[in-house]
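Examining the three-dimensional arrangement
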Amino acid sequence: GENVEQHPSTLSVQEGDSAVIKCTYSDSASNYFPWYKQELGKRPQLIIDIRSNVGEKKDQRIAVTLNKTAKHFSLHITETQPEDSAVYFCAADEYNFNKFYFGSGTKLNVKP
Amino acid sequence: EPEVTQTPSHQVTQMGQEVILRCVPISNHLYFYWYRQILGQKVEFLVSFYNNEISEKSEIFDDQFSVERPDGSNFTLKIRSTKLEDSAMYFCASSEASNVLTFGAGSRLTVL
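Anyway, here's the lowdown on the structure attached to this text. (Residues numbered from 1 in each chain as written. Chains lettered and ligands numbered in written order. Predicted model: local features only at pLDDT ≥ 70, side-chain atom pairs only at ≥ 80, totals over all residues. Heavy atoms only, no water.)

Glancing now at the side chain of B:S94. All names here are of chain B. Within the secondary structure, S94 sits in strand 9 (residues 88-95). Among the polar contacts made by the side chain of S94, one reaches the main-chain amide nitrogen of I26 at a distance of 3.5 Å. Setting aside chain neighbours within four positions, we find S94 in contact with V4, P25, I26, H29, Y31, F32, Y33, V100, L101 and T102. (Helix = DSSP H or I, 4+ residues; strand = E, 2+ residues; numbered from the N terminus. Polar contact = N/O pair within 3.5 Å; in protein donor to acceptor, adjacent residues only side chain to side chain. Contact = heavy atoms within 4.5 Å.)

Here you go:
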């Protein structure tokens, strides 16, 4: 089955700096890669996703890049704000397979 | 904005007891899922459900677990004989197509 590795486990940045979270996956059949943000005690919420037919996707301060050959994808947050502080999970899925595999999560702390 | 609703928000039970967790997916969604998250760990896939049958399940989803869609709105997860290690947050999710999950707020299960 798929194995998703996520690094780092914790990340502390100063407000205004950029944050990068990286994930690798093992199953070359995976072709859909969402990122979820989970605030303390709350549900995971989708913040951005990318399919394997594109290499990069951007939504305001958030971007995701995908390298299919190397089987890794990354989340980039620019101009970080304290409200970005949360746990971020990457996931991988074979499109239409209904079986998402999540990374172990990155706790992002944005210091004011 | 439509939401996935889950009940109860917290349930405490004795080891060996049966537990039923309930979910009301978003009304026009066709795919339903259960995930669990042990405290401080990653979100783990349990089962997906489509067209009134299980479409995928993980190795965690053994014979002690079952899912049911008893009517047109509810989606339930039953654990027949709970174990201490079943203590976790259980998230229901639904999707319109076979990705872009919308998670519920979760049901925290504590097994004593």
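Turning to the nonpolar core, a few remarks are in order. Within the largest apolar cluster, 23 residues are counted, with the highest numbers of intra-cluster contacts made by A:Y25, A:F33, A:W35, A:F73, A:L75, A:Y88 and A:L108. Those elements that provide at least two residues to this core are strand 2 (10-14), strand 3 (19-25), strand 4 (32-38), strand 5 (45-51), strand 7 (62-67), strand 8 (72-77), strand 9 (86-92) and strand 11 (106-111) of chain A. Beyond its immediate sequence surroundings of up to four residues, A:L75 is in contact with A:A19, A:V20, A:I21, A:W35, A:I47, A:I48, A:I62, A:A63 and A:Y88. Judged by nonpolar contacts, the second largest core, of 22 residues, contains B:L21, B:F32, B:A88 and B:L109. (Core = buried A, V, L, I, M, F, W, Y, C linked by side-chain atoms within 4.5 Å. Buried < 20%, exposed > 50% of the residue type's maximum accessible area, 1.4 Å probe, protein only.)

Relative to the helices and strands, B:S48 is located in strand 5 (residues 43-50). At 2.8 Å, the side chain of B:S48 and the side chain of B:S55 are in polar contact.

So, on to the interface of chain B and chain A. Listed as interface residues are 22 residues of chain B and, on the opposing side, 21 residues of chain A. In total, chain B and chain A occlude about 1800 Å² of area from one another, counting both sides; carbon and sulfur atoms represent 52% of this. Taken together, the links from chain B to chain A amount to 0 salt bridges. The interface formed by chain B and chain A holds 4 residue pairs in polar contact (both at pLDDT 80 or more) in total. Broken down by secondary-structure element, the contributors of at least two residues to the side of chain B that touches chain A are strand 4 (31-37), strand 5 and strand 6 (53-57) of chain B. When residues in the side of chain B that touches chain A are grouped by element, the largest group, 4 residues, is from strand 4 of chain B. (Buried area = accessible area lost by both parts, 1.4 Å probe. Salt bridge = Lys/Arg side-chain N within 4 Å of Asp/Glu carboxyl O.)

Take the pairing of strand 5 of chain B next. All names here are of chain B. Judged by how many residues are buried, strand 5 sits mostly within the fold: 6 of 8 residues are covered. Inspection of the sheet shows strand 4 paired to strand 5 by 7 bridges, in the antiparallel sense. Residue pairing in the sheet places Y33 in a bridge with S48 of strand 5. If you look at the hairpin formed by strand 4 and strand 5, you'll find 5 residues sitting between the two strands, and G40 has a positive phi there, around 80°. With 4 bridges joining them, strand 5 and strand 6 adopt antiparallel strand pairing. Counted as the bridge partner of V47 is K57 from strand 6. Linkage of strand 5 to strand 6, two consecutive antiparallel strands, is achieved through a turn of 2 residues, within which N51 is found at a positive phi near 55°. (Pairing = 2+ DSSP bridges.)

Under the criterion given, the structure shown has 20 aromatic pairs over all chains. With 5.4 Å between their ring centres and 85° between their planes, A:Y36 and B:F103 make a pair best called edge-to-face. Of the two residues, A:Y36 is situated in strand 4 and B:F103 in strand 10 (residues 102-103); the pairing between them involves two chains. Residue classification places A:Y36 among the buried positions, given a relative accessible area of 0%. Relative accessible area serves as the criterion here: at 1%, B:F103 is assigned to the buried category. Ring plane angle 65° and centroid distance 6.3 Å describe the contact between A:F102 and B:F103, whose orientation is recorded as edge-to-face. Taken as a pair, A:F102 in strand 10 (residues 101-102) and B:F103 in strand 10 lie in two separate chains rather than in one. For the pair A:F102 and B:F103, a shared accessibility class is recorded, and that class is buried. An aromatic cluster of at least three residues, connected via ring pairs, comprises A:Y32, A:Y36, A:F89, A:F100, A:F102, B:Y33, B:Y35, B:F45, B:F91 and B:F103. (Phe/Tyr/Trp six-rings, centres within 6.5 Å; stacked < 30°, edge-to-face > 60°.)

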